[in-house]
Amino acid sequence: MILQAKNQLTLQEFLNLSPGEGDITYELVDGQAIPKMSPKFFHAKLTRVLLNLIEQWCEGKGEVCPEWAVALTRRGRHWMPIPDILYISNERLPANWDEDEACPVPPDLVIEIISPGQTFGQMAAKAKDYLDAKVLRVWVVDSKARSITVFYPDAAPQTYMGEELFKDSLFEGLEFTVEQVFQKAKIPLDTE
């Protein structure tokens, strides 16, 4: 269900909306409040594993948070997505920043995990929007393909699978294989 407005919502109007019924979280997209896909079990387990992995790596370097809204611009309009996970370095957001609000600057990393009903193509389009909004990296995690595709602002996407070692100069010292992530999350080999 989309929260329809006669006019397009401004960022402030979106922020002032009453909470939705139940556990619905909304993102601001093209002036409309769009419900975010409700995560399922595999999604939640992958979120936990990736969050822990990045949290161990980023100690003293920045913040990693699940489901933290971020104030961005998309096609010249306010956009407030809620990534599954985001990492923001102390260079982009000072360590002493302590406000209970949406992330005010583009993060270094956004991770989106494909949920049932979503397609890789939809997530790839969203990744492009993140990169256009000055996010430095976007990871799209696909539990069916057991892959992580990394989107870069200045290079073609790269997909990691199996025992291939994941490394990125932006996250120096963070190394893992995709299979380690899926095994730690206990995602079965056949998720069809």
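Residues numbered from 1 in each chain as written. Predicted model: local features only at pLDDT ≥ 70, side-chain atom pairs only at ≥ 80, totals over all residues. Heavy atoms only, no water.

Check the secondary structure of the protein and you find 4 helices and 12 strands. Burial analysis of the protein (192 residues in total) assigns 46% to the buried set. Within the protein, residue pairs in contact and separated by at least 24 positions form 55% of the contacts whose partners lie at least 6 positions apart. Counting every atom, the protein has about 10,500 Å² of accessible surface; 52% of that belongs to carbon and sulfur. (Helix = DSSP H or I, 4+ residues; strand = E, 2+ residues; numbered from the N terminus. Buried < 20%, exposed > 50% of the residue type's maximum accessible area, 1.4 Å probe, protein only. Contact = heavy atoms within 4.5 Å. Areas by Shrake-Rupley, 256 points an atom, 1.4 Å probe, with all protein chains shown as cover.)

So, about the side chain of Asp108. Examined against the element boundaries, Asp108 turns out to sit in the loop between β6 (85–89) and β7 (109–113). Lacking a salt bridge, the buried Asp108 has Arg92 as its closest oppositely charged neighbour, with an N-O distance of 4.3 Å. Beyond its immediate chain neighbours, meaning those up to four positions away, Asp108 contacts Tyr87, Ile88, Ser89, Arg92, Val135, Leu136, Arg137, Leu170 and Phe171. (Lys, Arg positive; Asp, Glu negative; His and termini not counted. Salt bridge = Lys/Arg side-chain N within 4 Å of Asp/Glu carboxyl O.)

A few words now on the environment of Thr149. The topology assignment puts Thr149 in strand β9 (residues 147–151). A relative accessible area of 2% places Thr149 in the buried class. A C-alpha to C-alpha distance of 6.1 Å links Thr149 and Tyr160, two positions 11 residues apart in sequence. Dropping the residues within four chain positions of it, Thr149 is found in contact with Phe120, Val138, Trp139, Val140, Pro157, Gln158 and Thr159. A polar side-chain atom of Thr149 sits 2.9 Å from a polar atom in the side chain of Thr159. (Polar contact = N/O pair within 3.5 Å; in protein donor to acceptor, adjacent residues only side chain to side chain.)

Per-residue pLDDT for the protein averages 86, and the proportion of residues at 70 or more is 78%. Taken as a whole, residues 1–5 scores under 50 in pLDDT and shows 12 contacts with residues more than four places along the chain or in a different chain. (pLDDT = per-residue confidence, 0-100.)

A few words now on the pairing of β7. Taken across its 5 residues, β7 has 5 buried, putting it largely inside the fold. Here 3 bridges tie β6 to β7, and the two strands are oriented antiparallel to one another. Residue Tyr87 lies in a different strand from β7, and its bridge partner there is Leu109. When β7 meets strand β8 (residues 137–142), the two strands line up parallel, connected through 5 bridges. Bridging from a neighbouring strand, Val110 pairs with Val138 of β8. Of the crossover connections in this fold, the one passing from β7 over helix α3 (residues 120–132) to the parallel β8 is right-handed. (Pairing = 2+ DSSP bridges. Right-handed = clockwise from strand over helix to strand, strands pointing away.)

Our focus in this paragraph is the packing of aromatic side chains. All told, the structure shown has 12 aromatic pairs when counted by the stated rule. For the pair Trp57 and Tyr87, a centre-to-centre distance of 5.3 Å together with 70° between the ring planes defines the contact as edge-to-face. Linking Trp57 in helix α2 (residues 41–58) with Tyr87 in strand β6, this pair joins segments that are 30 residues apart in sequence. Overall, Trp57 belongs to the buried group, its relative accessible area being 13%. Look at Trp139 and Phe176: their rings are 5.9 Å apart centre to centre, the planes differ by 55°, and that puts the pair in the tilted class. Of this pair, Trp139 sits in strand β8 while Phe176 sits in strand β12 (residues 176–177); the two residues are 37 residues apart in sequence, bridging distant segments of the chain. Judged by relative accessible area, which is 0%, Trp139 ranks as buried. (Phe/Tyr/Trp six-rings, centres within 6.5 Å; stacked < 30°, edge-to-face > 60°.)

Before going further, it helps to examine unusual backbone geometry. Of note in the backbone geometry, Arg75 takes a positive phi value of approximately 55° without being a glycine. One non-glycine residue with positive phi stands out, namely Arg146, at about 50°. Structurally, Arg146 can be placed in the loop between β8 and β9.

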